[in-house]
Amino acid sequence: MRVPRLIGLMAVDARETAAKHGLLLAAPDRPDFHLVVLDHVVRQYPLPDVWIPRDAVVTVWFELGPDEGDGGAGVREPRRPGPPGGGLERELDEPGPEVGAVS
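I will try to describe carefully the structure that is included in this document. If you're wondering where the values come from, they're calculated on a predicted model, not measured in any experiment.

This part is about the overall build of the chain. Helix and strand counts for the chain stand at one helix and three strands. When the helices and strands of the chain are listed from N to C terminus, the series reads α-β-β-β. Counting every position in the chain, which comprises 103 residues, the buried fraction comes to 25%. The long-range fraction of contacts in the chain, counting pairs at least 24 apart against all pairs at least 6 apart in sequence, stands at 59%. Accessible surface, the chain: about 8100 Å² in total, of which carbon and sulfur atoms supply 56%.

Following this line, the structure appears as structure tokens:
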């Protein structure tokens, strides 16, 4: 049987696809794999379209390794500096009498 393409599928869909093809899935980077639902598969072994026996194990990963791109799809934080601190310390002084005003 040929290994289906699991890359790009959500975890729940990858499990269903593997089950339809009579394959087992393993996820070394997710010990709680049976609970994972929304994470997307980024790698698999064996690769799609390779012939393997029924009941074989296909390993999937949900995060890229340290030498594979950005290293995961986690929360993205801005790289630019944040807004300056200070709050009330940065408040402008109350306007006073204008210099040179004619009364």
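Taken as a whole, this structure holds three salt bridges when the rule is applied. Close ionic contact of glutamate 63 with arginine 30 constitutes a salt bridge, the shortest N to O distance being 3.6 Å. Of this pair, glutamate 63 sits in the segment after strand E3 (57–61) while arginine 30 is found in the loop between strand E1 (24–26) and strand E2 (43–45), placing the two residues 33 residues apart along the sequence. For glutamate 63, a relative accessible area of 38% corresponds to the partly exposed category.

Among the five residues of E3, four are classified as buried, and the element is accordingly described as predominantly covered. Relative to E3, E2 runs antiparallel, the two sharing three bridges. Across the sheet, the residue bridging to arginine 43 is tryptophan 61, located in E3.

Reading the values: rules and limits
- Residue positions are given per chain, counting from 1 as you read along its sequence in written order.
- Since the coordinates come from a predicted model, pLDDT governs what is reported: local features require at least 70, and pairs of side-chain atoms require 80 or more to be given and counted, while whole-chain, interface and lining totals use all residues.
- As a convention, hydrogens and water are excluded, and side-chain values are obtained from all of the structure's heavy atoms.
- Secondary structure elements follow DSSP: runs of H or I no shorter than four residues count as helices, runs of E no shorter than two count as strands, and numbering proceeds from the N terminus.
- The cut-offs for exposure are 20% and 50% of the maximum accessible area for each residue type, with area from a 1.4 Å probe on protein chains only; residues under the lower value are buried, those over the upper are exposed, and the others partly exposed.
- In this analysis, two residues are considered to be in contact whenever any of their non-hydrogen atoms come within 4.5 Å of each other.
- Values of accessible area rely on a 1.4 Å probe in the Shrake-Rupley scheme; residue burial ignores everything except the protein chains shown.
- Salt bridges are counted wherever a side-chain nitrogen of Lys or Arg sits within 4 Å of a carboxyl oxygen of Asp or Glu.
- By this definition, two strands are paired if DSSP reports at least two bridges between them.

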